[in-house]
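# Breakdown of the fold
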Amino acid sequence: MTEITTHEASRRRLLIALAITCSFMVIQVIGAYYANSLAVLADAGHLFVHNSSLFIALIASSLAIHFAKTYNDGHQRAELFGGLINGVLYLAISLVILYEGGERFIHHHEGNELAINSFLMSSIAGIGFLFHGAAAWVLYKGRKASINIYAVFLHSFFDLISTVSTFIAGVLIYFTGWDIIDILSSMLIAFFVLFTGIKVIVRCIQGLRLNKEKLPKVVDIEYEITHIEHVHSVHNVTVTRKDKEAVVGAHVVLKQHCTIEKHDEVCRLKVEQLLSLKFNVKSSVLQIESHAEHQHS
């Protein structure tokens, strides 16, 4: 089934991206401590949530593969709920960064400045650009196939931007000595994260509202079609939603005598009538096959 294949590919992309970002997170946490930079610390915290989001997306993707074998709208719901959790995590980390930035801004205004290692700050950002660039590239091709891949790709893309922001901030601090740039840079990162979280949450809520009504079970459709008089078997059954309406796709294998007697169109009509009466499905894409052709393939 194409839906299962798509989600298995998505899971592989998520695993590769998770390995890349976890490796850099270790570097960033150590670097944030020695650089004494809020911008790097914000990136480190952001990356921790990002990796948590990847883990959630992996769970959702695994559930998607399971649900696609039973309820074809189950994988959509699993992914949408996973994306919704990711969006909430984005909002949480952005608020934490903004709070920390506000605290440091007050301390800076009172004259309690912290020494920042701007060279280390920019070096970490430069390394981060390479890591996040690799993760974003892995996720780029799968962004249209899955809401979770899309959410994580957006996050990786903004991670890429945030490393550029942190690098520039480190260079400016080095040449000007204005440590407040570190605070402003961290808040810029927070606003990027906030924007990402809101966008993902809105998209997931819209998707959940659209998928409010359950689609029929694939196994139920297979069972009913195989009990039609002229049908030998059915395979590659899919149930999708298009313009709020359920659409069924299936390969229907006819009994040998039915194929000889050229009942193809009669059998197609019977399957369409069954889908309409039993499952309220008005649209279908059916491929009629002979029993001999099926055995040969």
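Bear in mind the structure is a predicted one, so any value in this text is a computation, not a measurement.

### Some words on the overall build of the protein
When helices and strands are tallied, the protein shows 10 helices and three strands. Listed N to C, the secondary structure of the protein is α-α-α-α-α-α-α-β-β-α-α-β-α in terms of helices and strands. Burial statistics for the protein: of 297 residues in total, 47% are counted as buried. Considering only contacts within the protein whose residues lie at least 6 apart along the sequence, 77% involve residues at least 24 apart. As presented, the protein carries roughly 15,300 Å² of accessible surface, and 64% of it is formed by carbon and sulfur atoms.

### Quick notes on the nonpolar core
Most often, soluble globular proteins keep nonpolar side chains buried together rather than apart. Counting 22 residues, the largest nonpolar core has Ile-221, Ile-225, Val-252 and Leu-275 as its most contacted members. Elements with a contribution of two residues or more to this core: helix 7 (218–226), strand 1 (231–242), strand 2 (245–254), helix 9 (264–279) and strand 3 (283–290). Once residues within four sequence positions are removed from consideration, Ile-221 is found in contact with Pro-216, Val-237, Val-239, Val-248, Leu-275 and Phe-279.

### With respect to the sheet that holds strand 3
Strand order in the open sheet made by the three strands is 1-2-3, with mixed pairing throughout. Bordering the open sheet on either side are strand 1 and strand 3, each of which pairs with just one other strand. Strand-to-strand twist in this sheet, taken as the mean axis angle between neighbours without regard to direction, amounts to 10°. When strand 1 meets strand 2, the two strands line up antiparallel, connected through nine bridges. Bridging from a neighbouring strand, Arg-241 pairs with Ala-246 of strand 2. Of the strands in this sheet, strand 1 and strand 2 touch helix 7, which is tilted by about 145° from strand 1.

### Focus on the packing of aromatic side chains
Tallied over the full model, the rule gives two aromatic pairs. Aromatic side chains Tyr-174 and Phe-175 sit 5.2 Å apart centroid to centroid with 90° between the ring planes, which places their arrangement in the edge-to-face category. The burial state of Tyr-174 is the same as that of Phe-175; both residues are exposed.

### Some remarks on the pattern of salt bridges
Tallied over the full model, the rule gives three salt bridges. Among the ionic pairs, Glu-224 bridges to Lys-278, the shortest N-O distance being 3.9 Å. Of this pair, Glu-224 sits in helix 7 while Lys-278 sits in helix 9, placing them 54 residues apart in sequence. For Lys-278, a relative accessible area of 53% gives the class exposed.

Criteria and thresholds
Residue positions within a chain follow its written sequence, with the count starting from 1. Restriction of local features to residues with pLDDT of at least 70 applies here, the model being predicted, together with a cutoff of 80 or more for giving and counting side-chain atom pairs; totals for whole chains, interfaces and linings are based on all residues. Calculation of side-chain values draws on the structure's entire complement of heavy atoms; hydrogens and water are dropped beforehand. The way it works is that DSSP assigns letters per residue, a run of H or I at least four long becomes a helix, a run of E at least two long becomes a strand, and they are numbered from the N terminus. Burial status follows relative accessibility: with a 1.4 Å probe on protein chains alone, a residue under 20% of its type maximum counts as buried, one over 50% as exposed, and anything between as partly exposed. By definition in these notes, contact holds between two residues if any of their heavy atoms fall within 4.5 Å. Accessible surface area values rest on a Shrake-Rupley calculation with a 1.4 Å probe, where residue burial reflects the displayed protein chains alone. For our purposes a nonpolar core is just a set of buried Ala, Val, Leu, Ile, Met, Phe, Trp, Tyr and Cys residues, chained together by side-chain atoms within 4.5 Å. The pairing criterion is simple: DSSP has to find at least two bridges between the two strands. For helices, the fitted line uses only the C-alpha atoms of the stretch in contact; every axis is such a line through C-alpha atoms, and the angle between N-to-C directions lies from 0 to 180 degrees. Pairing of aromatic side chains here covers Phe, Tyr and the six-membered ring of Trp, requires ring centres within 6.5 Å, and sorts the geometry by plane angle: under 30 degrees stacked, over 60 edge-to-face, intermediate tilted. Salt bridge, as used here: a side-chain nitrogen of Lys or Arg that lies within 4 Å of a carboxyl oxygen of Asp or Glu.

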